[in-house]
There are 2 protein chains.
Amino acid sequence: MRAAPKLADVLKALADPTRLRMVALLGSEEVCVCHIHTALRVPQPTASRHLSYLKRVGMVEDRRVGLWKHYRLRRLPDPAVQAVVDAARKAAGDSPGVARDCCRLVDAVRLIRSPIQTAPMA
Amino acid sequence: MRAAPKLADVLKALADPTRLRMVALLGSEEVCVCHIHTALRVPQPTASRHLSYLKRVGMVEDRRVGLWKHYRLRRLPDPAVQAVVDAARKAAGDSPGVARDCCRLVDAVRLIRSPIQTAPMA
DNA sequence: TCCATATATTCGTGTGTCCGAATATAGGAT
DNA sequence: ATCCTATATTCGGACACACGAATATATGGA
């Protein structure tokens, strides 16, 4: 299951509004949990749980960097299933809510620049 | 809601295995409920309920022909959302289960030719 | 009118899951 | 070792919904 998410799993994963926002927010570059829960304005356990769900299904992968944990979307082996994800991400991008999430993500990343340095530059 | 299904509604609709099979089965040509519940091997009330769900969301439309009721997929106004449906239909098409559904649908249509004549030819 | 067939709806039950709150674990710094 | 921060998990309750069974509605024909 971890390696090749089935279509049904992907659709169930995308059917939840919070997870859809997460998938829309995550691009090729990785984002850490604290940025996600800040951008989406959801409690940290909620963000963690949904990311855990997406990981279990095989849609994201994570990487530890010190205390932080970075998540990023996985490229799915089945191109037809990947196409569903792409279409959903594109459609979700039209939503003003997702646009706001992206803005807040940029702000969050700007504030907490990297796992190493906690303060903004200068 | 009826006119322009939102992305979230479409994803929730597709997240159910039975509805996904239905959407995969329904093409541009219309199919009546009896054929659907025969092809999918689900009880008639189940087929009716899910078709009702899809209609409420705005993904299908129906047409009465005597006792029969024919359903067909609707073209969605939002092209991005429509793309999600297309991708899901295409991905579902790879499933052997859906292939079997299609075969049974062809058989059913062959047996019950049209709303007017109940018996197969000759 | 009454009957037969196709479709729709209701009811009760079980299951899945989403959430908030609290707690647990992991890793780094001093 | 101890504390602090980031992340993960558990627990309980609430809610949505999918199903089987039974029943209701609608249409056509006698």
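Residues numbered from 1 in each chain as written. Chains lettered and ligands numbered in written order. Predicted model: local features only at pLDDT ≥ 70, side-chain atom pairs only at ≥ 80, totals over all residues. Heavy atoms only, no water.

S.K.: Is there a simple way to explain the pairing of strand β3 (residues 68-73) of chain B in this structure?
M.R.: On any regular strand, side chains alternate: one points to one face of the sheet, the next to the other face. All names here are of chain B. In this sheet, β3 lies alongside strand β1 (residues 31-32) in antiparallel orientation, the contact comprising two bridges. Each residue of the ladder has a partner; that of Cys32, found in β3, is His70. Adjacent in sequence and paired antiparallel, strand β2 (residues 60-65) and β3 are bridged by two residues, among which Gly66 carries a positive phi angle near 65°. (Pairing = 2+ DSSP bridges. Helix = DSSP H or I, 4+ residues; strand = E, 2+ residues; numbered from the N terminus.)

S.K.: For this particular structure, what's the right way to read the protein's contact with DNA strand D?
M.R.: Around DNA strand D, the surrounding shell holds 23 residues, and the nearest of these are Ser48 and Tyr71 of chain A together with Arg49, His50 and Leu67 of chain B. Between DNA strand D and Cys34 of chain A, the relevant distance is 3.0 Å, taken from a phosphate oxygen to a main-chain nitrogen or oxygen of the residue. Within the side chain of Arg19 of chain B, one N or O atom sits 3.1 Å away from a phosphate oxygen of DNA strand D. Those elements that provide at least two residues to the surface near DNA strand D are α3 (33-39), α4 (44-57) and β3 (68-73) of chain A together with α2 (17-25) and α4 (44-57) of chain B. Residues of the surface near DNA strand D, tallied by class, amount to 10 nonpolar, seven polar and six charged. (Near = heavy atom within 4 Å. Polar contact = N/O pair within 3.5 Å; in protein donor to acceptor, adjacent residues only side chain to side chain. Nonpolar A, V, L, I, M, F, W, Y, C, P; charged D, E, K, R; others polar.)

S.K.: For this particular structure, what's the right way to read the nonpolar core?
M.R.: One broad rule of soluble globular proteins: the nonpolar side chains tend to lie buried together. Counting 74 residues, the largest nonpolar core has Leu7, Leu14, Met59 and Val84 of chain A together with Leu7, Leu14 and Met59 of chain B as the members making the most contacts within it. In contact with Val84 of chain A, other than residues within four places in its own chain, are Leu7, Leu11 and Leu14 of chain A together with Ala87, Ala88 and Ala91 of chain B. (Core = buried A, V, L, I, M, F, W, Y, C linked by side-chain atoms within 4.5 Å. Buried < 20%, exposed > 50% of the residue type's maximum accessible area, 1.4 Å probe, protein only. Contact = heavy atoms within 4.5 Å.)

S.K.: Could you clarify how one ought to interpret the environment of Val23 of chain A in this entry?
M.R.: All names here are of chain A. Among the secondary structure elements, Val23 is positioned in helix α2 (residues 17-25). Judged by its relative accessible area of 2%, Val23 is buried. On a C-alpha basis, the gap between Val23 and Val60 in space is 8.8 Å, while along the polypeptide they are 37 residues apart. Those residues in contact with Val23 that lie beyond four places of it in its chain are Leu14, Leu54, Met59, Leu73, Val85 and Arg89.

S.K.: Quick question: what am I supposed to make of the interface of chain B and chain A here?
M.R.: Size of an interface, as often reported, equals the accessible area lost when the parts are brought together. The partner chain A presents 16 residues to the 16 residues of chain B that form the contact. Between chain B and chain A we count zero salt bridges in total. Broken down by secondary-structure element, the contributors of at least two residues to the side of chain B that touches chain A are α1 (7-14) and α5 (79-93) of chain B. Counting residues per element, the side of chain B that touches chain A draws most heavily on α5 of chain B, at eight residues. Partitioned by chemical class, the residues of the side of chain B that touches chain A number 13 nonpolar, no polar and three charged. (Salt bridge = Lys/Arg side-chain N within 4 Å of Asp/Glu carboxyl O.)

S.K.: Got a minute to help me understand the relation of the copies chain B and chain A in this structure?
M.R.: The two copies are related by a screw motion: chain B maps onto chain A through a turn of 180° and a shift of 0.0 Å along the axis, at an RMSD of 0.0 Å. Such values leave the two copies arranged in the relation of a two-fold axis. Comparing interface residues between copies, 100% of those in chain B also lie at the interface in chain A; the contact surface is shared. (Least-squares fit on C-alpha atoms with pLDDT ≥ 70 in both.)

Scope: geometric values only; no functional claims are made or implied.
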